[in-house]
Amino acid sequence: MPSTIVVGGQWGDEAKGKVCSYLATHDQFSLSIRAGLGPGAGHTVVRDGHEFRLRQTPAAFVHPDCRLALGAGTLISPDVFLDEIERLGLAGRIKIDGRATVIEERHRQADVSNRFLSTVVGSTGSGHGPSLADRAMRTATLVRDTPQLAPFTADVAALANEALDRGERVLVEGTNGFGLSVLYGTYPHTVSKDSTAATAAADVGLAPTRVTEVVLVFKAYATRVGPGDLPRELSPGEIRERGWQEEATVTGRPRRVGAFDMQSAKAAVMLNDPAYIALTCLDRLDPAAAGVPFQRLPSAVRRFVDEVEDVLQRPAGLLSTGPDVRATIDRRGTVAIPAASA
């Protein structure tokens, strides 16, 4: 059975959480593992009118039969994690790899007090960079050495590989976006680690040969929070005119907005090599696209989908026409998806 990695193709905020929650439910994934960073990288999931803002929990939690985990490459804030577990009622259902790095209060303080991080980088202040610096120096505290997290500790890499050995479906949920990668993004205005599918696989303990497919998520327009390059950026007036005002899930800061940029998208496709792409927020291009089947999409939206597929040379297997998980057009049975190795 397949292992699927979902990653973002822009500067975060691509609605990866919506895509992951849809895939987990529709494709009946048995295990979903969060990769990437920590509580500064939020996901928003909407189901049946209820909105869930997540900072540590995999978005697949909406599928009640899906086990949840956080990989060794993630960063864990015990307070944020335990609050979400209680709020969402996930005790007994979620595990953290004991090798994951713990974010401590001193990391958060170092983050917010560092002028370079707060002004040049535009850090969320969640402590990601300082905790990763300690990990690199081998002085960081690990989850396995943290008593309050002991009930949740497991060998997540083994869980993932054993699930695949049993023929179960495994989902890997990436965070942030390609343009924020510390290796391939708009350095120094990036997050503190790489955000490509290859790193997501390593984060959860999957060898490259165990990855069946990558799904690359693009929003119909691009957004980012904080400084750094944003191709085709719109003015505040243009953003209001198009109704594209947004706020970041974690910080609440207003997002900068740019029209869809094909050149940066092509770079994301090259370095992630997706089997197919997911295009989200099509209803923000034209409200008439909200919740309709593919045949009833407005002509301008259909042309946009065709153009993206033509330029990127990848099928748009999933189209999102609204924030709710169910507002998804699944075209995977009608477009040619490249065969992946088992």
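Heads up: the structure comes first, above all this text.
Trainee: Looking at this model, I keep getting lost on the packing of aromatic side chains. Mind explaining?
Mentor: Each aromatic ring pair is specified by the distance between its two centres and by the angle formed by the two planes. The tally for this structure, following the rule as stated, stands at 5 aromatic pairs. Ring plane angle 80° and centroid distance 5.1 Å describe the contact between F52 and F61, whose orientation is recorded as edge-to-face. Accessibility expressed as a relative area gives 23% for F52, which makes it partly exposed. Given a relative accessible area of 10%, F61 falls into the buried group. An angle of 85° between the planes, with centres 5.5 Å apart, marks the rings of F260 and F304 as edge-to-face. Here F304 lies in helix α11 (residues 299-312) and F260 lies in the loop between β13 (256-259) and α9 (262-272), a separation of 44 residues in the sequence. Site record: aromatic cluster; members linked through ring pairs are F218, F260 and F304.

Trainee: Before we go on, may I ask you to explain the nonpolar core in this structure?
Mentor: If you look at soluble globular proteins, the nonpolar side chains tend to sit buried side by side. Membership of the largest hydrophobic core comes to 49 residues, with the highest contact counts inside it found for I5, F218, L279 and L319. No other element matches the 5 residues that α11 contributes to this core. In contact with L279, other than residues within four places in its own chain, are F218, F260, F304, V305, V308, A316, L318, L319 and S320. By size, the runner-up hydrophobic cluster in this structure holds 36 residues, among which are A24, F61, V62 and A100.

Trainee: Help me understand a nonpolar patch on the surface, please; the structure alone is not making it clear to me.
Mentor: A cluster of nonpolar side chains, contributed by L183, Y184, M270 and L271, occupies part of the molecular surface with about 440 Å² of accessible area. Residue placement: Y184 occurs in the loop between β10 (170-173) and α7 (197-204).

Trainee: Help me understand unusual backbone geometry, please; the structure alone is not making it clear to me.
Mentor: Trans is the common state for peptide bonds, and a negative phi is the common state for residues other than glycine. At the junction of Y187 and P188, the peptide bond is cis and its omega measures out at 5° in the coordinates. Following the sequence through the fold, P188 ends up in the loop between β10 and α7. With a phi close to 60°, R232 is a non-glycine residue in the positive phi region. Take R232: it is sitting in the loop between β12 (221-224) and α8 (236-242). Using a relative accessible area of 51% as the deciding quantity, one classes R232 as exposed.

Trainee: Help me understand the pairing of β13 in this model?
Mentor: Residues in a regular strand point their side chains to alternate faces of the sheet. Of the two faces of β13, the one carrying R256 and G258 and the one carrying V257 and A259 are both buried. Sheet topology note: the β12/β13 ladder contains 4 bridges and is antiparallel. Bridge pairing in β13 links T223 to V257.

Trainee: What should I look at first to understand the pattern of salt bridges in this one?
Mentor: It is possible for side chains bearing opposite charge to pair when their charged atoms get close. All chains considered together, the criterion is met by 23 salt bridges. Across the pair R326 and D48 runs a salt bridge, and its minimum N-O distance is 2.5 Å. Remark: D48 occurs in the loop between β3 (43-47) and β4 (50-54) and R326 occurs in the loop between β15 (316-320) and β16 (328-330); sequence separation between them is 278 residues. Assessed through its relative accessible area of 52%, D48 is described here as exposed. Across the salt bridge formed by E233 and R256, the nearest N and O atoms sit 2.9 Å from each other. Within this pair, whereas E233 is found in the loop between β12 and α8, its partner R256 is found in strand β13, the two being separated by 23 residues in sequence. With relative accessibility at 39%, the residue E233 sits in the partly exposed group. Through salt bridges with shared partners, a single network forms among D13, K219, E246, R255 and R284.

Trainee: Explanation requested: the environment of G333 in the structure shown.
Mentor: Turning to its location among the elements, G333 is positioned in the segment after β16. Along the primary structure G333 and V225 are separated by 108 residues, whereas in three dimensions their C-alpha atoms are 35 Å apart.

Trainee: Mind showing me how you'd approach the packing of α9 against α11 here?
Mentor: Packed helices, taken two at a time, are described by their axes: the angle between them and the distance between them. Close contact between α9 and α11 brings their axes to 10 Å; oriented N to C, the two are set at 55°. Judged by the angle between their axes, α9 and α11 are oblique. As for how α9 packs across α11, the hand of that crossing is right-handed. Together, M262, A265, K266 and V269 of α9 and E307, V308, V311 and L312 of α11 make up the contact between the two elements. Tallied by class, the residues present in the contact of α9 with α11 amount to 6 nonpolar, no polar and 2 charged.

Trainee: Explain the packing of helix α3 (residues 105-113) against helix α5 (residues 128-136) here, please?
Mentor: Two elements in contact, α3 and α5, have axes whose closest approach is 7 Å; the angle formed by their N-to-C orientations is 120°. The angle between the axes of α3 and α5 places the two elements in the oblique class. As for how α3 packs across α5, the hand of that crossing is right-handed. On α5, the residues that touch R106, H107, A110 and D111 of α3 are H128, P130, S131 and D134.

Trainee: What should I look at first to understand the environment of G122 in this one?
Mentor: Along the polypeptide, G122 turns up in the loop between α4 (115-121) and α5. Residue G122 is classed as buried on the basis of its relative accessible area of 10%. Apart from residues no more than four positions distant in its own chain, G122 is found in contact with L117, P227 and R253.

Parameters and conventions
Residues numbered from 1 in each chain as written. Predicted model: local features only at pLDDT ≥ 70, side-chain atom pairs only at ≥ 80, totals over all residues. Heavy atoms only, no water. Phe/Tyr/Trp six-rings, centres within 6.5 Å; stacked < 30°, edge-to-face > 60°. Buried < 20%, exposed > 50% of the residue type's maximum accessible area, 1.4 Å probe, protein only. Helix = DSSP H or I, 4+ residues; strand = E, 2+ residues; numbered from the N terminus. Core = buried A, V, L, I, M, F, W, Y, C linked by side-chain atoms within 4.5 Å. Contact = heavy atoms within 4.5 Å. Patch = residues over 30% accessible without salt bridge, like charges linked within 9 Å, V, L, I, M, F, W, Y side chains within 5 Å. Areas by Shrake-Rupley, 256 points an atom, 1.4 Å probe, with all protein chains shown as cover. Salt bridge = Lys/Arg side-chain N within 4 Å of Asp/Glu carboxyl O. Pairing = 2+ DSSP bridges. Axes fitted to C-alpha atoms, helices over the stretch in contact; angles between N-to-C directions. Parallel < 35°, antiparallel > 145°, perpendicular 65-115°, else oblique. Left-handed = near helix turned anticlockwise from the far one by under 90°. Nonpolar A, V, L, I, M, F, W, Y, C, P; charged D, E, K, R; others polar.

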